[in-house]
Every structure is written in structure tokens, then in C-alpha cells.
Protein chains: 6
Amino acid sequence: MPIEAVLDTAQKISSMEIRGAGKIGRAAAAALKAAAEKSKARDANALLTELEEAGRILIAARPTAVSLPNAVRFVLSRLRAATSQEVGELRKAAVEAAGEFVQNSLSAVERIGEIGAKRFSDGDVVLTHCNSMAVNAVLRTAWRSGKRFEVYVTESRPRYQGHITARQLAEEGIPVTMIVDSAVRYIMKDVDKVIVGADSIAANGAAVNKIGTAQIALIAREARALFFVAAESYKFHPETLLGSLVEIEERDAREVADPGEFEGVKIRNPAFDVTPPEYIDLIITEKGIIPPQAAIMVIREEFGWALSSNRR
Amino acid sequence: MPIEAVLDTAQKISSMEIRGAGKIGRAAAAALKAAAEKSKARDANALLTELEEAGRILIAARPTAVSLPNAVRFVLSRLRAATSQEVGELRKAAVEAAGEFVQNSLSAVERIGEIGAKRFSDGDVVLTHCNSMAVNAVLRTAWRSGKRFEVYVTESRPRYQGHITARQLAEEGIPVTMIVDSAVRYIMKDVDKVIVGADSIAANGAAVNKIGTAQIALIAREARALFFVAAESYKFHPETLLGSLVEIEERDAREVADPGEFEGVKIRNPAFDVTPPEYIDLIITEKGIIPPQAAIMVIREEFGWALSSNRR
Amino acid sequence: MPIEAVLDTAQKISSMEIRGAGKIGRAAAAALKAAAEKSKARDANALLTELEEAGRILIAARPTAVSLPNAVRFVLSRLRAATSQEVGELRKAAVEAAGEFVQNSLSAVERIGEIGAKRFSDGDVVLTHCNSMAVNAVLRTAWRSGKRFEVYVTESRPRYQGHITARQLAEEGIPVTMIVDSAVRYIMKDVDKVIVGADSIAANGAAVNKIGTAQIALIAREARALFFVAAESYKFHPETLLGSLVEIEERDAREVADPGEFEGVKIRNPAFDVTPPEYIDLIITEKGIIPPQAAIMVIREEFGWALSSNRR
Amino acid sequence: MPIEAVLDTAQKISSMEIRGAGKIGRAAAAALKAAAEKSKARDANALLTELEEAGRILIAARPTAVSLPNAVRFVLSRLRAATSQEVGELRKAAVEAAGEFVQNSLSAVERIGEIGAKRFSDGDVVLTHCNSMAVNAVLRTAWRSGKRFEVYVTESRPRYQGHITARQLAEEGIPVTMIVDSAVRYIMKDVDKVIVGADSIAANGAAVNKIGTAQIALIAREARALFFVAAESYKFHPETLLGSLVEIEERDAREVADPGEFEGVKIRNPAFDVTPPEYIDLIITEKGIIPPQAAIMVIREEFGWALSSNRR
Amino acid sequence: MPIEAVLDTAQKISSMEIRGAGKIGRAAAAALKAAAEKSKARDANALLTELEEAGRILIAARPTAVSLPNAVRFVLSRLRAATSQEVGELRKAAVEAAGEFVQNSLSAVERIGEIGAKRFSDGDVVLTHCNSMAVNAVLRTAWRSGKRFEVYVTESRPRYQGHITARQLAEEGIPVTMIVDSAVRYIMKDVDKVIVGADSIAANGAAVNKIGTAQIALIAREARALFFVAAESYKFHPETLLGSLVEIEERDAREVADPGEFEGVKIRNPAFDVTPPEYIDLIITEKGIIPPQAAIMVIREEFGWALSSNRR
Amino acid sequence: MPIEAVLDTAQKISSMEIRGAGKIGRAAAAALKAAAEKSKARDANALLTELEEAGRILIAARPTAVSLPNAVRFVLSRLRAATSQEVGELRKAAVEAAGEFVQNSLSAVERIGEIGAKRFSDGDVVLTHCNSMAVNAVLRTAWRSGKRFEVYVTESRPRYQGHITARQLAEEGIPVTMIVDSAVRYIMKDVDKVIVGADSIAANGAAVNKIGTAQIALIAREARALFFVAAESYKFHPETLLGSLVEIEERDAREVADPGEFEGVKIRNPAFDVTPPEYIDLIITEKGIIPPQAAIMVIREEFGWALSSNRR
């Protein structure tokens, strides 16, 4: 029987109280850790069954966030691979695996910051979209290392996450200019490098990210500005290797406008879009900088080929 | 000495009480008409001098709206070409020319509606941006002729003119869907035709229009959706033939966000952008449908080559 | 009351006994000539009315062949412009105009041959599609002037008009190689120049021609082979200036395969496609070689702007 | 001395009685199996020598079908790697390896069907070319899973394999429309996804397939329709890693037209063309979906780098 | 019998003592003027015949310089159009026409300077290639009007005309940086605008200019830098309208390297290349700024359509 | 204390007496070998410390040549991995590793020649730039195997290394034509394949090579000529995986022109440029032919992911 921590975490993810791909993954791992610690299972099989059930509950809370199943997979695969059949050992393995996931996740952002920062130079004009911890880590690390550049931030309708980014960068002292999303091509002729985060990276290197990202990538390509995606490796999406499409969530129309004021007008609010790999120059991961075509290499190292896995 | 009507009109254009390229042009013509009617000039030369002064005042009210100098030029060139040197005749010519400009302008939009409507078919998915009388005329004429299509409208930040367009089309009964400006590429795969208005058409066929237009044109080109510009011929910009660049107005940052809430953040608000001719399939004018490369033909017919005009 | 010659010609055009854009136009002119000669009209107005009725009948015989209304328009506009109101004079004018159209049409192909031939050089590898009198004139003139090149001919499914072209060029002694339509990209890397005819040229320079032409143009562009269209000026389509789309005829499925052998399978047989102007390097007309963007110049010289014509 | 089964199979492959990349590979494996079973070799070395000779004979039967050497390589590499030097053990290993190849091949198509089917959605308009078991598996699996889409099939001159595909899909109940090969661009604006098979995949991800495939890929790219290749992993071509070019077979001109009717006309009939990787979105293999740039990864896992193999 | 001035000028053009398209044209006009002044012809016909012969001699001196036949054509067409048949009148007309050509040519460069200068702004980074009077006029006028920009100059192998340009601009005080021709793409990311001259403009808007120009245009397009061509209207090439190709002169190998030091090595030295119109944003003429597609308009205004000219 | 051989080699590399990526790497390995042989270290640790110091000195001699640190890394990593702690064993390991690096390097070029030669065919027109041992090996091997093709060589300003290449190929009997760097686009329409060497290959497959390479790649892409890079695997740059940018050396202006003759003119002389992977068809390494996107695979096999190595 799943314990309170799991249900509580699932609820918070579902209601978006916990949000952001990294935070969701870490919360799931933490919930599994709590579940393992408080489990009353008497044997290894029972514990595994309990944690698998907990994993299913957590995953169902927000099915499109790939960091969520990846966190669960990370912990459970460690248990399934455990040679010991002693319940105490298994519990310990679960706790350790969950801790390791959290630790990896936290250090991955920092490592991306270090690696990505090398790609920026004095005098660069940078553009970013929406709000991404990994992007901020890259820009902050570069700035603190003494590089001097300026950053354009889109307001990122409909939820204005660009406002958050603008403030965070300004607090670092980085010169920031904010524009509406429609002004991207207007200023792109002055931009050297675009950097965005990602919610998910598909096997072909496509990046799923906040609505508007794909058209910014296209505009960057037209102007031959470089386009970077910063993404921790647990955002890579193994099922896409097997043909699954990443689903694009459409959210509440009221984020865009009050439908009551627009009689006869439908309002659509797609939350993400897919940037094709040919518009991405590099993906900055904590493992190194890769071209988008190497995304499949990252996925394969973690999950193997389709045929070797009967379970999917 | 310029009469009240001229000063009053100039003030209203300057303060944007009168706005929209067509309305501005018609208001300028009307002001010249009033100036001619009420002039106390005793001979032709004096009248011409007065009206030239009135023209200068009007043009200075909003220098980047090309319909404004075009209206003035239309009236004054008629006077300069007049063979009679009798002041009454000249006054009559001015009044008639001004009336003709207003009439032409009013009928041009209607005619664009008729011509452009032929380019739309049952089942079309259309996208438009901002709010344009000429575009609405096209879509309305097509709809009333029995064609059945649907229209996507961008909200058109920062001033949300897309809200107006959405309501106007919905009132006609046209199925309308509104999206944020960032969602254009997301829905472009379903779009057959994009149609926008223009504030100015340059000699090379480039279209100056509301910020965001150029990136929509790029996105349409990527998806091979057709991209139409609807523009009356008095929006064609003769000075560009002689090398002048169309200036892009940057407006008040407060249209984008309250600067007080964004310490250390600069906010830029460019109001227009320039869509290059290679992204435009057709320009729909009241004279017919032309490829953007024929813009220079329209300009030349109205204003001749550079060398034939000593005055510029 | 229309005389027999008109009805007879209309029937032959309708049944495709008379076909090919040039032949159709000349037949229509000849029918109008006969109608004028045999008319019993007693005054100019009556004669004009009769010929206008004859024109309507002819045009209705195959509405999409632009050479047909252009031939009729050529003759009738001459009558309408005639200053004399004497019926004999008018009859003579009609006969002369019709003869002139036929003569122009015949010499246009020859002139295109002379002009176009200059664009071919020793060693050229040429590709053509379908069967065009104008293209053959170009290649024949170049060959007879002593230039030595070779030609690839597509078979041009479904009606195999490429078979005719292959034989016609081989009779001249030109080295010809025939391929299936699917092999165009395979051999394009060796091709220097593609030349095709056209059924119609739109105001934006797009060429309507035999199905398959547009993809050959795309393949040529990819390989940076030059793409020429040979078209007499009466194939330019004035209504497209006013927004009309050139309709694409879909023909009988039995040209493709016997539907009886394909239960549950639909067969579509579009006869033409539209090559966009950006894939056309030059249009060879009897007036000279023009870039596709100058198509509108040709149309305007013949038909003027939309506004100057109240009749449409 | 090679036994009858080997000679017989080689003859059937050579005469194209056995054809299709999958069938050829399986037939070669079966022949090796028979050769191993009936061998009278007294020691391991003799058996290996016999089977290597059989392999050479089989490969020579149709050198360009990469599934053929791949099947032989699969069986022989197993024998060479065998640690036992006992002839009975080796025979058993050969029989098992051959059986495994056949089994893998049969299940690969089915697996591709499952994986690929996930990429199709309700409402999709699909285009395919020629006739491919793997493509049919994908479309059939998608259709049987309840997805509802329609398919365009090219007739695929000169041998009209599209007729077979059209009938096979129609038998499933899938709505099928057949067109001539020249009409691909005409209908591409309505197509969402193109899927074709392959005879060979090169190390750089290029796909060798039926003539016409490469231009369809180009047309799809122009319209931004997705382009998928379905290919079992034994169609990947290891020698291309070492620089070999995939040779393109030119077949009998009589498949195109009767040369006797075309005096002075040469007829060429290339059977395949090469689609460059930049026009391929995804390759669907039984191991998963990969971008074309990962083809080298598949090849390397099977065959290793050039340096590690002294034998080639 | 042609007088000395004609033979002398022809010789100097032929030996390249007189070079540069403008200078050649003006020298030819001056020679015709001298020929008219010193002619002993007793009647109009004789004078015309003499001057036509002089024209032929001049044109033959360097057939590919279009300014040369254009200068001759300018003068002779004026004579042919003259209504008077009196020899004194005709002589006077010839002298005036020649003077007018020279005057027009001299003022055209200045006028191009004025018009083109408007297209440059403070902060621009400009690139130019080879050495062009018109380009220098543009940059000089812009600089003297107070605009502050910097210019990259290629060395322009094999004859290093870039050295001349670099010195000329540096003398004006313009900041100049010189690079090898191979470094163009390296610095293009910093360049806003490229401006070059032209030896000839074809009817389709293609520009014939110093070898290397076409690849600079391609590199500019890739980086979306603007590409301008500055060309007086007498450099527009009327024969290209009728199909003629502009011939590309290949010059002495010794300009590239000493062939004696390169046994077995062929050295080619093409002097010009052709920049296609799709890589040219604007052509700056003394008549105004035109898109390359309007080149045909300029040619037609000067020379009419092919059909109206029986002489060619 | 570093011995003489190390200091001497470092000095020769620094002064460019030793140059060329392969030669530099081999010289560094040889210097380490000498250092190991002559070391007086008494224990393993002391020897390792000495050789690490020698490595640092060598690397500092020319930091941007990636073959230099790669050679040092190759030798030192072998020592660090050595299990024995006996100084004699370690010395022997160092000597062997250095010898192996030299041997690998020498055979890599030969192997690239063999592999790359397969990609060339009779009748090919080839272009190369600058002077590369690997390219010469490919062309020489192809020529000696009986293939007959011709080669264009750019002169490769500013140092004219193309002169060397032209002579070397001519000595083989290969037909060679030399052109200025500006003539590349002019002759590209006749070129089938471009092949160049590389100084460094980045993790994303970009090739750093002699200035001018990147624009040749762009021109090849425009004309759809194939673009090959020949590069030994020790030219792959592991640090780029971790974000480092390859620095582009700018060399002495006097290589371009005598600054004394150009008052007020700055001369820039960038020595290399970066060809983006999308313009590279294949990289020919001694391990096989790879698409540029597989460069990361080569790097990873040699150096592993970032996270697994704490030392960098």
C-alpha cells in the first residue's frame, strides 16, 4: 500500500505545485526513497512490488514530463538489478539509488553551467526564451568567470516566464533587454547565440520546449545565429526510440484571454512545441556537448536497444 | 498662413487620435481641401505656397506613415501640373484632387477585397496577424461570396490588435481561432495561406508591417504556406527608390511591461518589422495582384524615375 | 446568329480534336474571321454583337486554355477600338485582326526558337518534359546552327508525350536519351539546362504545364541546373492579375490505369501542375527573354491594370 | 564441393526468381544451413572451408543486394568465433546461426511494423512508393490498431510495383489513391508523412531504394512532410564504412519502352537511386527508430571499425 | 574613312590602356564626336555611314564591355532618329549626343553615390571586392555626410585591385581592413552590407563582375548580409534580352603564376563571374534603386522589346 | 629536469620548423620517447613526473594543434594505466607507446588513402585546397589504382600551399589545373567532389582547416558537389566535447601584404576557419568513413564522457 509521501508528491506534481522537469524528477525520487524507508514489506519481492506501484502512481501524475518516468526507472532498475534478495539490502539500495538520482540531478545543472559557459565569449549578444535553470546556470557561470555579454529575453506569452528570467539575470548584473515574442526576428540580426532549455529530448535530437522555441530556432537558423539547448541527460526520452511521439499538452485557454469576451472565437493554447534537430547546433548536457544527432547515443547508453528490452 | 483645419488634423495624427495608414492619408487630403477652400490667396502662386506649407506641416506630424506624404503629393502634384494660372481654377483643382484621393482610398480597400477574395477557396486554413482593413475586406468578401474557410488570428502583442480582428471576423460568422504569437509555427503546418496588411511597401517589394509579420512570413515560407500582403497603392513608398530606408519606430516600453517592476532590465518595443520580398508570394493592390518584385513598377508609374525629378 | 464555322470550331476544341495552346488560339481566330466574312449584319453594332456572341461560344469550349480567350480578346478589342462605324470597315478590321493573330502566333514559335537557341552551347546536357512546339523550335534551331548537345526526354506519363518528343528530336539527329519520370533526379547531376513549354503563365510568373513539370523544376533547382520555360506571349494569363487562380484540370482515371482492376483504389489524374516563379530562371518569349517576375510587365502591356478596365 | 542447394539457390537469386532483400537473405541462410547439414567434411577446418566457398557462390549471385553478404557474414562469423574445433559442434553452430538469421529476419519486419505504427495518427495523409514488406507492415499494424488515415501510392514506373501496393493496402480496407509518379509534388501539399522501404542503408544514412525515391524525398522536404525509411538492420551496408560506393544497377531498356520503336533514341533504365541523409527524418529498424546519422552506429555494432578487421 | 581618333581610341581600348567600363564608354563617345567634327562627308547619309563604320571599329576593340556598344548605340540612335537630312545639322546632333553621353556617364557615378549613400548607417560593417568607381562614390558620399562605418576590402587576386581600393578609402579616412579573398566567410558574420560594382547587368538582373564576386554574394546570402551592386544604366546589357549570354573572358595565366615553374599544371584565369539575381538585394543605378528583377525594365525603356527592332 | 630533446622539439614546433598536424604529433611522441630513454629517474613516480613535465612543455609550444596534446595524452595515459610500479617497466611502456603513436600516425595516412580512394571514380572532377598529406594519399592511391580523373587546386593565399599540391599531383601524372581562390564558384559547376584535410575535428563534426575551406564547402553545397574531409583520428578534438572552442590563430599581416605600403589600412590574416558539419558529407578517417555527426563517437571511444574524467 502506497504511503502518504507518494500520494502527496503525486498530488503536488499533478496540481503543478511542484513544477520544472528537474524538480519533478527529484521529488519523485524522494518520494520513492520515503516509500522504501517506511515500507513494512517483509521480503524483497513485496518491497519491489510496493515500489513499482508507487512508481506507477507517480508517473501517472503528469505523464508527459519525461524526467518523472526517468527518475522512477532509475531507482527501480537498480532494485531489479540487485543480486541480493534480502529485504534490508534492497531497501538500502532503493534509498541509495534515490539519493543518487537527486544528487546527480543537482550536480548536472551545475556541470552544464560549467561546460556551456565555455561556449560564450566577451561581446556576445545572447537570446533566451522562457525560464530554464540550466540556461541560467550557463549564463551565470559565464558571467561570474568574467565574460561580458548581453542577453535578450522574450516575455514568453502566455505565462510571462521571461519576466522571471529577466529579473534573475539582472540580479546577477547581466545586461538584459526584454522584448515581446514577436520581436525575435527584428533583433536576431544582432544576436550571436540563442540558448534555451528543454522539457524533453527525443531520440532524433528534437527538443520539446516552451511554445515559441521552434520558431526562434528557425529565425536563428535564418540569421545563422547558433542555437544551443541545455538539457540534463534525464530529459532524454527513451520511448521515442521505439516510435512514441512526444505528446504536446494544450492548456487552459484562459491563460491566453478570457473566452467570455470573445464570443464565437476559439482560443487554443499549446504549451510546447518541437524544435527539429536540423535547427539545433549543440545540446549541452552534463556529460558533454553533443550534436543533436548524438541524442540517440545518450539514450542507448542508458536504456539499450529496443530488442534487448521485452518490457516495453 | 495655415488655417485651423490643417493644424488640427496634424495634431490629431501626431497624437494618434487619427491612425491607420488609410485614415491618415484621407485626413490629410481633407485638410488640404479645407485649406484650399478657405484660403484667401489672391493669385495662383500664393495659393500653391500656402498649400505647400500646409503639406509640410501635415507630413511632419508623423513622418514614417507613407500614406501621409503620398496624399499630400497627390494633391500638390495636380496643382503644379495645372496649366491655368487663375486662382479660382487652382482652388477648384485642389478641392477636386483631394476629393479624388479620398474617394480612391475608400474604393481601393473594397476593390482589394474583391480581387483578393478570388485567391481563397473552400477548406482553406488562413492565418492573419494584427488588424488590417484590407485583410478584413478580403476575408469578408470571400466569406460573403459563399466560400467556407477558417482563420487563425494571433493576439499581436503588445497591443493585442488581434483581439479586434478576432471579434470582427467572428461577427461575420467566420470560424476564428486565436493563439499567442509564439504558437504560429505550431499551427503553421495546418495553414494554407497567410494574409497581412502593410504600413508601407518599399521599392524592392519589402513590406513594413506590425512587429511579428516578418517572422510569420519566414515560418510560412518554411512550411510552404502562401504569404499574401494586402496594400493599397498609396502605401507604396517612392523615396525608397532613391535609397531611403523605411524607419522603424520604437514605441514606449510601457506597452510591453511596467519598467518599474524590472529593475536593471531594459525593455525595447519596436513597432514594425520589414518582411523581405523573397518571403512574399503576392501583393494584393487595388490595381491587381502583383509579385513583390513589381512594386517598383507601381512606384514608377506614380512617381517616375529619380532623374526626372529634381526636387528630391 | 453564330455561323457554322464558329460552332464547328468550338466543338472540335471541346472534343480535343484541335489541341495544343497555339493551335486552339489560331483556330478561334480563324473562326472569328469566318464569322466576320459571312456575317449579314447591316451595321457596325450588329456585327460587333454577333462576334461577341461568337467569342463567348468559342471561349466556353475549353475555359482553361488561356490562348483561347486571348485570341478572342485580340480580335474583339481591335473592333471595339475601331473609330469607323461603317460595317464594311469593321468587317475588314475583324478579318485583318484575325489574320494578324494567326500570323503572330506562327511567327512567335519561330522567333522563340531563334532567341532561345542562343542560350544553348556545345556540350550542354539538356532535359525536357512532355512535348512542346516552342521547346522543339529552340532545340532544333540551336542544333541546326551547329551547336552540339544531348537531350534527355522523360516519357511523360500518363500519355507518353515524351515518346513524340524523343522521336522528333532524333529525326533532327540530336542525341536523345529517354527515361522514366522517376529517373529525373538520378540524371539531373549531369544536366546543365532544363527547358519546357507552358500552357499558361500567371501574373506572378508561375508556369502552368504538364503534370511533373513542377517537380522537375524543383530537382533542377536543387542541382542548380538552369530551368527555362518557352512560351508565346498569348499564353500569359491576364485574369491572374485580378486574382483568378488557374484551374488545374483532372482528367479521366483510365489514362493512368484500368480502374476495374483496382477494387477499392481511387485513381487521380491531375493533368497540369504549377511551377512557382522562384524555380524558373528565364521565360523565353517571342518578345525576348524575361525573368518570371517580368511576366506581369508582359500582361500589363497587353491588358493594362485592373482599374482601367471596367468590363471585368 | 558445394552441394546442390547452394547452387540452386544462387541460380534462383541470379534469375530473380527469388527477390526482395529479405527473401534473398533468408534464402542464402537456408542454403548455408543445408550445406552444413549435408556436408561430409571430417573436421572443422574442412567444414569452414566448404561453407566459405558456398558463401562466395551465393554472394556472387547478386552482388548489390547487401542482405545477401550480410546473411552469409552472419553465419560464417559465428563459425569463425566458435571455440570448439569439433566438426559436429561446428555443424550445429552453423545450422543454429542460419536458423537464427531467418528467424530474426522474419520477426524484424513484424517488429518494424509495431514500432513504425506508433508514428502514424488519425487523419494522416501518407504517401508511399514502390512495394515494401516493411512499409506494408507499418501501415497494416497502424490500421489494425484502429488508426484511420489515407494513403497515396505512386504507380512506380517502369515495373508498376505501386499496383501491388495499392491492392495490398486496399485489401486491408485502407483508403488508397493511386497517381502517376509525376504527380507527387502536386499532391504533396496534402501529405503529412512519406514512408518507403530500402534496399540498402549506407554508413552515412543514405538510403538506396527504387528509382524515384530520392526525388520524392526532395519533394517531401520542400513541403516539410516527414520522410521515413523502414529497413531491417541487415540492410545496413558495412562496406560503405570503408569507402565502397553502393553500385546502382541499370536494367534492361525494354522495361521502359520497346527500343525498336525508337530509332536513334537511347533508353536508360536505372533501377535505384540514393536518397541523401539530409532528406530522411527517421529510419525505422527493428532495433528502434534512429536518425539517419546513427546508421553508422548500427553498422559499427555489427561489424566494428575498419582497423579491427584485417580481412577486408 | 575613319579618322585617326577612332583608330587610336580603338587601339587603346584593345590594349587596355583605357580600361574600366565607364572610361571605355566615354572614350568611345569622344572618338565618335571627333569623327563627326572632322568628317568631310558632304551629305547626311555619308556622315551616318562613316560614323556607323567608326562604331563598328570601336565595338570590335573589346566586344565584351557592354558600355562600349551602349555608347556607340546612344550616339548613332540619335542620328538615325534625327528628322533633318542636312549634314551640318546631323554633325551637330552627333557632337551633342556624344557630349551628352559623356556628361551622363560622369554624373551617373555621382548620382549613384548620393542615392547609395542613403543605404548606409552609423556602425555598419561593409565589405567590398575589387575596385569600382561607383562603389567608392557611394562610400565616400556616405562618409562625407558624416556617417561612420568600417570597410573590409579583399585583396582581389590575381591583380590585387583591392590594394587600390584600400588605399583610396583610407585616404578618405575611412577605417579599412584588408583580407585575402579566402577570408571572406570568416569575417562575413560581422558584415552588415556588401557592395560591389559591375561590368554588365543582364536582363534577368544577374551581375557580371570581377572573379570572386559571385561567391562573396553567396556567402553574404548565407549570413543574411545585404548585397548591393552599384551600376550605371549604360552597363545594362540589351542583347541578353534576346538570348545572348555574356561571355566570360579568360585572361593570361601569367597573372596567376609563372607557368614555367609548374610543369604539367594547367593554370586557368577567368576574369569575371556571374552573380545570379537571387543573391542580389538591390542594384543602385543613377535612376534609382531597383531590385535585380527590374533590370529588364531599365533595358526595355532604353531599347524596347525584341520584336520592335528589326536590326538585330 | 627535461632533457634536451624535449626542449629542442618544442622550440622547432614553436618556430614552425616542424609543421603539419601529423608531423607535430609524431615529433612530440618521439621527444617523449627520448625523454623516457634518457631519464635518470629512480622510481616510477619520478619518471611519470618528468614525462608529465615534458608533456606540458611540448603542448605549450603550439597550443592550438590538437595532434600535439593528443600525442602527449596517448603516451601518458598508457603510463598512468600501467599496473607495474617498476621504473624499468614504465620506461619500456613509455618507449613502446611513443613508438606506437608514431607508427599509428604513419599508417593512418596510408589507410585513409586506401579507404578514401574508393570514393573516386573515372571521370571525376575534383577540387582541393591548400596542401594535405591525407588528401594527397587519397588522390594518389586512386590514381595508382588506375582511376582517371582531374583535379583543380586553389593557389591558397596567402602562403600559396596550393603550389605545392599542384606540383605533387602533377608529378604523379594527375591532370591538375590551378586557379585563384576567387575562382572556386566559377569552376564548381564542373566539380563532382571536393576533398580537403583538417587541422582539427570538433565534437560536432565541424572541421578546422586552412582559411578558405569553409567558403569552398558552402560553394560545394550550393552546387551539390560532395565535400569530403580526410583526417586522422588523432586530429579529433576531445576538449570540444566539454565546451571548449577551437581557437583560430591570426597570423602575421606581412604574409598578406607589406603594411608599410598601406598607410591607414589594417591587415588581418586569420589562418584557419571552421566548416560547419552540415556542409560536410563525409569524414575519411583511418577507422572508416563517417558522417560528421559521428565525430563525437570517435572522440568518445578515445576519451569517454566528460563526467568519467575528473582530470580535465
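A few points on the structure.

Basis of the calculations
- Within every chain, residues take consecutive numbers counted from 1 along the sequence as written.
- The lettering of chains begins at A and the numbering of ligands begins at 1, in the order of writing.
- The predicted origin of the model limits local features to residues at a pLDDT of at least 70 and limits the giving and counting of side-chain atom pairs to 80 or more, whereas totals for whole chains, interfaces and linings rest on all residues.
- No hydrogens and no water enter the side-chain calculation; it runs on all heavy atoms of the structure.
- A pair of strands counts as paired when DSSP detects no fewer than two bridges linking them.
- Secondary structure follows DSSP: runs of H or I at least 4 residues long count as helices, runs of E at least 2 residues long count as strands, and numbering of each begins at the N terminus.
- Only the stretch in contact is used when a helix axis is fitted, and all axes are lines through C-alpha atoms; the angle between N-to-C directions ranges over 0 to 180 degrees.
- Throughout, a contact is declared for two residues whenever any of their heavy atoms are within 4.5 Å.
- A least-squares superposition brings the copies together, and it is based on the C-alpha atoms of residues with pLDDT no lower than 70 in both.
- The term buried area denotes the loss of accessible surface (1.4 Å probe radius) that occurs when two parts are joined, taken as the sum for both partners.
- Between Lys or Arg on one side and Asp or Glu on the other, a salt bridge is scored when a side-chain nitrogen of the former is within 4 Å of a carboxyl oxygen of the latter.
- Side-chain atoms alone can form a polar contact between residues adjacent in sequence; in general such a contact is a pair of N or O atoms within 3.5 Å, and within protein one must be able to donate a hydrogen while the other accepts it.
- Aromatic contacts are taken between Phe, Tyr and Trp rings whose centres are within 6.5 Å, Trp giving its six-membered ring; a plane angle under 30 degrees counts as stacked, one over 60 as edge-to-face, and the others as tilted.
- To sort residues, take the accessible area from a 1.4 Å probe on protein chains only and compare it with the maximum for the residue type: under 20% means buried, over 50% means exposed, and anything in between is partly exposed.
- Think of it as a cone above the ring: NZ of Lys or CZ of Arg counts as a charge over the ring if it is within 6 Å of the ring centre and within 35 degrees of the ring normal.

1. Side note on the sheet that holds strand β8 (residues 265-267) of chain B
Thought 1: Here eight strands make up an open sheet; going across it, the order is β11(A)-β10(A)-β7(A)-β4(A)-β1(A)-β2(A)-β3(A)-β8(B) and the pairing mixed. Bordering the open sheet on either side are β11 (288-290) of chain A together with β8 of chain B, each of which pairs with just one other strand. On average, each strand axis in the sheet is inclined to that of its neighbour by 25°, with strand direction left out of account.
Thought 2: Examined bridge by bridge, strand β2 (residues 150-154) of chain A and strand β3 (residues 176-179) of chain A share four bridges and lie parallel to one another. The residue of β3(A) that forms the bridge with Val151(A) is Val176(A).
Thought 3: Running over the sheet, helix α5 (residues 87-117) of chain A touches β7 (226-230), β10 (282-285) and β11 of chain A and is turned about 135° from β10(A).

2. Considerations on the relation of the copies chain A and chain F
Thought 1: With an RMSD of 0.1 Å, the fit of chain A onto chain F corresponds to turning through 120° and sliding 0.0 Å along the axis. Given the turn and translation reported, the copies of this chain are related as if by a three-fold rotation axis. Of the C-alpha atoms belonging to chain A, the one lying closest to the rotation axis is found on Gln293(A), 3.7 Å away.

3. Considering the sheet that holds strand β1 (residues 125-128) of chain B
Thought 1: The eight strands are arranged β8(A)-β3(B)-β2(B)-β1(B)-β4(B)-β7(B)-β10(B)-β11(B) in an open sheet whose pairing can be described as mixed. Edge positions in the sheet fall to β8 (265-267) of chain A together with β11 (288-290) of chain B, since each has one partner strand and no second. Averaged over all adjacent pairs, the angle separating strand axes in this sheet is 25°, with direction ignored.
Thought 2: Relative to strand β4 (residues 193-196) of chain B, β1(B) is paired through two bridges, and the arrangement is parallel. Following the sheet pairing, Val126(B) is matched in β4(B) by Lys193(B).
Thought 3: Packing against the sheet, helix α9 (residues 213-222) of chain B makes contact with β1, β2 (150-154), β4 and β7 (226-230) of chain B, and its axis sits at approximately 145° to β7(B).

4. Let's talk about the interface of chain A and chain F
Thought 1: Taken together, the contact between chain A and chain F spans 19 residues of the former and 18 residues of the latter.
Thought 2: Carbon and sulfur atoms supply 57% of the area that chain A and chain F bury against each other, a total of about 1600 Å² over both sides.
Thought 3: Looking only at chain A, the three residues that lose the most surface to chain F are Arg119(A), Lys287(A) and Met297(A), adding up to 31% of its buried area.
Thought 4: Our count for the chain A to chain F interface comes out at two salt bridges.
Thought 5: Summed over the shared surface of chain A and chain F, the number is two residue pairs in polar contact (both at pLDDT 80 or more).

5. Examining the packing of aromatic side chains
Thought 1: Per the counting criterion, the structure on display carries 30 aromatic pairs over all chains.
Thought 2: Where Phe101(B) meets Tyr234(B), the ring centres are 5.4 Å apart and the plane angle is 50°; that geometry is what we call tilted. Here the residue Phe101(B) occupies a position in helix α5 (residues 87-117), and Tyr234(B) occupies one in the loop between β7 and β8, the gap between them amounting to 133 residues. For the residue pair Phe101(B) and Tyr234(B), the accessibility class agrees, reading buried in each case.
Thought 3: Each ring, one from Phe120(D) and one from Phe228(D), has its centre 5.9 Å from the other, and the planes form 90°; the classification is edge-to-face. Here Phe120(D), found in the loop between α5 (87-117) and β1 (125-128), pairs with Phe228(D), found in strand β7 (residues 226-230); they are 108 residues apart in sequence, far enough to count as distant. Across the pair, Phe228(D) and Phe120(D) agree in class, each one buried.
Thought 4: Counting every residue linked through ring pairs, the aromatic cluster contains Phe120(A), Trp143(A), Phe149(A) and Phe228(A).
Thought 5: Positioned above the aromatic ring of Phe262(F), the side-chain terminus of Arg167(E) is 4.2 Å from the ring centre.

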